[in-house]
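The residues making up each chain are set out below.
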Amino acid sequence: MPNLINVFITLILGMGLGDRLKDPKWKKIYLITIWVCLSLVAGFRGLNALSDTEAYYSTYRFETQNYSFTDYLNYTKTHDTLYYMTNWLFARAGVPWQLYLTMVSLFVIGSFVYWIYCNSEDVVVSMLIFECLFLNVWQGSLRQAMAMACLLWCYRMFQTERRKWGVLLFLVAMGFHTTAICFLPILIAGSLPFNDFILALFTVVCAGFHIFRSYFLILVNKVGSLFGRNLYETFWEQQPITLIAMVFIILFIMLVLRKQMHEQYPTCGVYYAAVFWMLALLALGGGVMVRLAWYPGMFISLAIPVIISSFKEKRLVKYMAIGMLLLMYIPNVDLHSWYFFWQA
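Residues numbered from 1 in each chain as written. Predicted model: local features only at pLDDT ≥ 70, side-chain atom pairs only at ≥ 80, totals over all residues. Heavy atoms only, no water.

Novice: Please clarify how the nonpolar core should be interpreted in this entry.
Specialist: Nonpolar side chains tend to gather and get buried jointly when the protein is soluble and globular. Counting 117 residues, the largest nonpolar core has Trp138, Phe183, Tyr271 and Phe299 as the members making the most contacts within it. Discounting chain neighbours no more than four positions away, the residues touching Phe299 are Trp115, Tyr155, Phe183, Ile186, Val270, Tyr271 and Ala274. In this structure, Val41, Trp338, Tyr339 and Phe340 belong to the second largest nonpolar core, which totals six residues. (Core = buried A, V, L, I, M, F, W, Y, C linked by side-chain atoms within 4.5 Å. Buried < 20%, exposed > 50% of the residue type's maximum accessible area, 1.4 Å probe, protein only. Contact = heavy atoms within 4.5 Å.)

Novice: How do you make sense of the packing of helix α7 (residues 123-140) against helix α17 (residues 300-309) when you look at a structure like this?
Specialist: Packed helices, taken two at a time, are described by the angle between their axes plus the distance between the axes. The geometry of α7 relative to α17 is characterised by a closest axis approach of 8 Å and an angle of 135° between their N-to-C directions. In this view, α7 runs oblique relative to α17, as classed from their interaxial angle. Considering the relative orientation of α7 and α17, their crossing is right-handed. Across the interface between the two elements, Val125, Ser126, Ile129, Phe130 and Phe134 of α7 pack against Ile300, Ser301, Ile304, Pro305 and Ile308 of α17. In terms of residue class, the contact of α7 with α17 is made up of eight nonpolar, two polar and no charged. (Axes fitted to C-alpha atoms, helices over the stretch in contact; angles between N-to-C directions. Helix = DSSP H or I, 4+ residues; strand = E, 2+ residues; numbered from the N terminus. Parallel < 35°, antiparallel > 145°, perpendicular 65-115°, else oblique. Left-handed = near helix turned anticlockwise from the far one by under 90°. Nonpolar A, V, L, I, M, F, W, Y, C, P; charged D, E, K, R; others polar.)

Novice: Can you help me understand the pattern of salt bridges in this one?
Specialist: When charged atoms on two side chains of opposite charge get close, those side chains can pair. With the rule as written, the count across this model stands at five salt bridges. Across the pair Asp52 and Arg291 runs a salt bridge, and its minimum N-O distance is 3.1 Å. Of this pair, Asp52 sits in the loop between α2 (24-43) and α3 (53-66) while Arg291 sits in the loop between α15 (269-281) and α16 (294-297); the two residues are 239 residues apart in sequence, bridging distant segments of the chain. When the shortest N-O distance is used, the salt bridge between Lys318 and Asp122 registers 3.0 Å. In this pair, Lys318 is assigned in helix α18 (residues 314-329) and Asp122 in the loop between α6 (97-119) and α7, connecting sequence segments 196 residues apart. Judged by relative accessible area, which is 18%, Lys318 ranks as buried. The buried category is assigned to Asp122, whose relative accessible area is 18%. (Salt bridge = Lys/Arg side-chain N within 4 Å of Asp/Glu carboxyl O.)

Novice: Looking at this model, I keep getting lost on a nonpolar patch on the surface. Mind explaining?
Specialist: On the surface, Phe248, Ile249, Phe252, Ile253, Val256 and Phe311 cluster together into a nonpolar patch covering about 560 Å² of accessible area. Structurally, the position occupied by Ile253 is in helix α13 (residues 241-256). Look at Ile253 and you get partly exposed, because its relative accessible area is 31%. (Patch = residues over 30% accessible without salt bridge, like charges linked within 9 Å, V, L, I, M, F, W, Y side chains within 5 Å. Areas by Shrake-Rupley, 256 points an atom, 1.4 Å probe, with all protein chains shown as cover.)

What follows is the structure, encoded as structure tokens:
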């Protein structure tokens, strides 16, 4: 229920402010308000509010007390080392779990909010996309969320031509979760020119991943084995058909409107690379593997506002997009299992 309430706070406050959000001062006030609301809900959640929270708590509260620093890193099998180092240091410093969880939530959600502030054509639409499609992963998967947050700062460094810092932050992200390597194709593709040949190349490569998905899975497993990650010999029984269809429709619209989008936003080529890469990663199927697609998926929050801006009837298209988001989100939102830690 709190997440649903936050969606309506984001929508109502954003619509109420309207054109004032073009003023940087009001945009900051709006985004800071949403940041605090989302972070407090995530940080104050109970242990069973999300499936992974209790496991993270156990690692933080108990296992850190039973091992020395070196033994703890060996116990955690050394992958995602930076996350476990952070875990151990904060736990041994006596930081309570709920405070630690809130600090992590403030960092990861704050990183996304700042990224939206710097890049989005419409912060209201971007934040609604984030909350309706991606927030659950950013709340529940602490290691990956911290990696994704670092990647947003990495991307920011590349945007501002501070590439050495960008490379460092990319390595830091991999230290939190080695699957952050999935972001590398975006950094590479972001430097490519935007033209029909590149888009055709992306199309062929993306289609190839789906046609030869069994070989793609083998390749991913080989890369995963290098980093000590879990391997998946078969595809998950349930496939993310709805998600694939949604991403495909978004990509199709982007291709139809490519001239308008590029004229209005010349650096939007990276959005195409990201959405193509997300669609390619979804060839790996459902289950845990879907989480790989969340790395490029972040750019959907930027791409859709640019799509909206490419139409003459911007306001109508914006309301239609928001309506479709809510129709997708509200019937599936969890209204019962989420609770705050003091309600346990």
